[in-house]
Structures are given as C-alpha cells and as structure tokens.
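Here is how the chains run, residue by residue.
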Amino acid sequence: MIDLNKVSAMTLFFKPYRRLPVIAFFLLLAFPLVTFVAPMALPGFTALADDDDDDDDDDAGSGGGSTSGGSSRTRDDSSGGEIIRFLGKKRKSGKRVIRRQARVQVVRQSNVPNEIVALGLSQAQLRDLIDQGYEVLQSVRLELLDTDVLKLQVPAGTGLEQARALVGNLNPQALVDFNHYYRPETSENSGEATQVPCRGNHCAAWQMVGWPTGHAALATCSSNIRIGLIDTGINAEHAALSEANLEVRRLENDDRAPSGRQHGTAVAVMLAGAPGSRSPGLLPSAEIFAVDAFHRGRGKDDRGDVFEILQAMDYLAQKSVSVINMSLAGPENVLLKKMVERLSVKDVILVAAVGNGGRGSKNMYPAAYPTVIAVTAVDRHERIFRRAVQGEHVDFAAPGVNVWTAASVRGARSKTGTSFAAPFVTAVVAIAARKLESADAEAVRKALAASSRDLGGTGRDPVFGYGLIQGTGLCP
C-alpha cells in the first residue's frame, strides 16, 4: 500500500522550487547580518581607523579616542600606501577547504619606496648618478647646513640598500639614507574615565606639573618666547586659537593629500590656547611658528618624510626659535642626526616624544639622539603610559593620557599619546632656558632634573627618566 504522507513529503523534497520564496526571504534577512556584523565577531578583528580620531573630529563632551600604530612592519609597497593583509587559517572538512579570516593587519611603511636622500654630493657626482639611471626628484637648500638636500629616485631593479652603498662609495663624506617616514605620536585613549574638562586654567594635568593658573601670570611669563612646532595641519580658525600669535606654514607636497588637522591643532592649542577657552594653552603669549611637514597616506595616516622634516627644521632655525616641539617619531636617519646636531650647536633645544612603540620596541627618533630632550607619558595617577617607548634616553615624564585639549574642528576632547606629553616639557624648557639665560640643552636638562618629581626607581631610570617634569616657581 502506498503511504500518501510519504508521497507528499517526497514530492515536496523533489520539487524544491516550491520552497524558493521561503529561501529567498531568509537570504534577504541574512545578508546584512553576514555583511556587517559577522566580520566584527571574527577573532582578532581590528577596525581600521584614522591616526587621530576621525575626519569629523569635533566637540565631544565625554572625550574621544583615536587609534594608531601597533601593526608590524614587513615590506614596502611600491605605491607608497598602506598594505592591508588578511591573515587566516585553512581548515579541512572532508574534501572542502574552508578559509577563515583571522584578523586584518595594516602594515605601515617605514620609508618612501624607491627614494633616497643625500647631502654633500658634487655636481660631477650627481651627473654620474643621473647617467646610471638615478633621477633628481627635488633639491632644496638648507641654510643651516649651507648645502642642498637631494631627493633621488632609484633606478628600477636597484634596491635601496644597494643605492645607499653606491652613493656612499661615490663620496664617503656624503650623507645618504632612505627617505624615512615620521609620524605623529598619538594613540588610543586608555579606557580609564575621561578627565573633567578644564574650566579656565584649572585641570588635573596642569596641577600635576605645578603650572600656574592665573591668566596674568601666564601672559607675562610666556611673552617674548618663540617656539617652533613641526606637526600636521592646524585649524587656525579654531576658537581656542583666536588670540594666539601663530604662524602656520605648509610645505609643498606636490599632489599628495594634505595632512589631517586633528593632531597639529591639539598640540598647538596645548601650547598657545586662549586662557578663557575650554582648552587653554600653557604659553598663551608665546609666538608659535608651526610647519606642516606632513601629508595624508593611503592608509589614512599622517606621515612626513625626512626630506620635508629637514626643511621644517631649517625653516624654524631661521625664525630664531629657542625650542622646537616634535611630537613625532620614526627610524634613525643620518641626515636627521646631522640636522639635530647642527641645531644643538645653534642653541636650539629640541623636545620630542619618545614614541608609542611600547616597552621592548626599538628606540625612535629624533627623541633617542643625545642632544634631544625625550618625553614619555604618564596618566593622572603617575603610571606610565602602556605604549610608551622605554630606554636609557628617556629624560622626563609628563601627562599624556586623556589630556584635555582642542578637537580639530571645534570644541575640545581628551587625547592620549606621548605626543601630548611633549608640549608640557616644551613649555617648561622654554621658560627655564630664558630664566637660565642659556639655550644649552644639557644645562637645561640638568636644571629640570633637579626639580622633577622622581617616579619609579631611585634616580634616572629607563621608564620615567628623571621623573615627572615640574614647572613650579618658573612663572612668578
């Protein structure tokens, strides 16, 4: 006997078209879930973000975070952009091979592909290089060094190490290196509660370093001080900079995208913000000469190659600044070292962020050069910022976790990174140098070491340096 129920089930099974409307309905429901939600649930998923918050960085009463760094550096991309590598695993199931995405990794470029920079080549040596296929991309006069810095494109098929060695053999007295990238040292917020926004001049970070809070004292103390700033773009129309004595110069960057204004605006306001604004500056009456030496990379990070960093340093030397704030970091470079040494001879003090590579990472520059005052970051409980570079070169610690400063468009928000610790030390160094009537970096370092609050091990240590910088008594 034939079972009619089985026949109905078999008929339904062998006529799948009857189920198509139901299947289509569930597929439509599942598509958004698979497309937008599933990737974030995968192990190790990392959201790709701007170097400092987002492009619409504006007022945020509860503060905001930014991301940067942390990715491994493995190889160069001929386009000069970021390489996004999808790392995954293979899992066999019967005869099928299932590929599962494990994480998204952004590989940062350490230098411009196919380019080197050189100082000290004669015209005959340059012609020799051109005959061998090298191309002069740009030549700029550096007044401080009384010579031209050349940016050269390496011939196809020639490695950068090979090119550097060739030029070195051509002229052993010449300085030649890769066109290294340097980046603003900002980072994500640490996750602890955001500080209460500054009201007037009263905020926890200022109290940590003993900075004066009176408007009149700050105006008098910071007058007749000239400070250089090498950073990203700055929003000079920001309300906090309405009273600032600020000059902003952007270096020519060919057709490359201009840098973002988040980082540079925040640092500039920390130095020269209006006393009555939501984000007052440490030295509101100082003259600030800022150079935007950066451009926006394809990975949405701000980067400045050493060819432009050198130009910025040379320009600021001509402005007779006493201190240059460099909230940036990158690899060691022989041309950069030469310029740092020359500025020291000219009694220009460099203050630089140690970098956000974390404990155990390689030293980052220019902070690791001996004549540069290297700054690390601590939180409001005087604990070291977890991503701060450590080493024997560290000089001073300053607030750098959830520091309240300007957002790039309007208003204020908290920022984290060794970048934002550097301006505190720059301000103290500028006042101390004037008080000592000496712009010798070593003399200023010794004076400030004596007044710093010791943190960590007794005396100078590779985590906090001489300790937490103090400005008590510098401004009467």
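Residues numbered from 1 in each chain as written. Predicted model: local features only at pLDDT ≥ 70, side-chain atom pairs only at ≥ 80, totals over all residues. Heavy atoms only, no water.

S.K.: Looking at this model, I keep getting lost on the pattern of salt bridges. Mind explaining?
M.R.: When charged atoms on two side chains of opposite charge get close, those side chains can pair. For the structure on display, the rule yields 17 salt bridges. Measuring nitrogen to oxygen at the nearest pair gives 2.8 Å for the salt bridge that ties R383 to D379. Overall, the relative accessible area of 46% leaves R383 in the partly exposed class. Between R445 and E442 there is a salt bridge; the shortest N-O distance is 2.6 Å. A residue pair is termed a helical-turn pair when its members lie 3 or 4 positions apart in one helix, as R445 and E442 do in helix α11 (residues 441–451) at three residues. Looking at E442, the relative accessible area reads 37%, which means it is partly exposed. Connected through salt bridges with shared partners, the residues D395, E442, R445 and R460 form a single ionic network. (Salt bridge = Lys/Arg side-chain N within 4 Å of Asp/Glu carboxyl O. Buried < 20%, exposed > 50% of the residue type's maximum accessible area, 1.4 Å probe, protein only. Helix = DSSP H or I, 4+ residues; strand = E, 2+ residues; numbered from the N terminus.)

S.K.: Please explain the environment of N111 as it appears in this structure.
M.R.: Checked against the element boundaries, N111 lands in strand β3 (residues 111–119). Judged by its relative accessible area of 4%, N111 is buried. Measuring from C-alpha to C-alpha, the distance between N111 and G304 comes to 9.6 Å, with 193 residues separating the pair along the chain. A polar side-chain atom of N111 sits 2.8 Å from a polar atom in the side chain of S110. (Polar contact = N/O pair within 3.5 Å; in protein donor to acceptor, adjacent residues only side chain to side chain.)

S.K.: What is the right way to read the side chain of Q125 from this model?
M.R.: As for its position among the elements, Q125 is in helix α3 (residues 123–131). Each residue touching Q125, except ones within four places of it in the same chain, is listed here: G120, L170 and N171. (Contact = heavy atoms within 4.5 Å.)

S.K.: Mind showing me how you'd approach the nonpolar core here?
M.R.: Generally speaking, soluble globular proteins have nonpolar side chains that are buried together. Ranked by size, the top nonpolar core spans 56 residues in total, and within it W211, L283, F424, V425 and V429 carry the most contacts. Per-element tally for this core: the top contributor is helix α10 (residues 422–436), with nine residues. By size, the runner-up hydrophobic cluster in this structure holds 46 residues, among which are L142, F289, A312 and V340. (Core = buried A, V, L, I, M, F, W, Y, C linked by side-chain atoms within 4.5 Å.)

S.K.: Where do I start with the packing of aromatic side chains in this structure?
M.R.: Remark: the centre distance and the inter-plane angle together describe each pair of aromatic rings, the angle taken between the planes. Under the criterion given, the structure shown has two aromatic pairs. Ring plane angle 50° and centroid distance 4.6 Å describe the contact between Y365 and Y369, whose orientation is recorded as tilted. Accessibility assignment for this pair places Y365 and Y369 in one class, buried. Relative to Y466, the ring of F396 lies with its centre 5.6 Å away and its plane at 40°, an arrangement referred to as tilted. Placement of the pair is F396 in strand β16 (residues 396–399) and Y466 in the segment after α11, with a sequence separation of 70 residues. Overall, the relative accessible area of 24% leaves Y466 in the partly exposed class. Just above the ring of Y315 sits the side chain of R249; from NZ or CZ to the centre is 4.5 Å. Lying over the aromatic face of Y181, R303 brings its terminal NZ or CZ to 4.6 Å of the ring centre. (Phe/Tyr/Trp six-rings, centres within 6.5 Å; stacked < 30°, edge-to-face > 60°. Lys NZ or Arg CZ within 6 Å of the ring centre and 35° of its normal.)

S.K.: Would you take a moment to explain the side chain of N179 for this structure?
M.R.: Mapped onto the elements, N179 comes out in strand β6 (residues 175–184). Within the structure, the side chain of N179 is placed 3.3 Å from the backbone nitrogen of V306, a separation counted as a polar contact. Polar side-chain contacts of N179 include one of 3.2 Å to the backbone nitrogen of F307. If near-sequence neighbours (up to four positions away) are discounted, N179 is found in contact with N111, V112, E115, I116, V117, K151, D305, V306 and F307.

S.K.: Honestly, α10 in this entry has me stumped. Any pointers?
M.R.: Here α10 is 15 residues long and its end C-alpha atoms lie 21 Å apart, about the 21 Å a rise of 1.5 Å per residue gives. For α10, the tally of buried residues reaches twelve of 15 residues, placing the bulk of the element in the interior. Among all positions in α10, only A422, P423, F424, V425, T426, A427, V428, V429, A430, I431, A432 and A433 are buried. Immediately beyond the C-terminal end of α10, within one or two residues, lies E437, with a positive phi of roughly 55°. (Expected span 1.5 Å × (residues − 1).)

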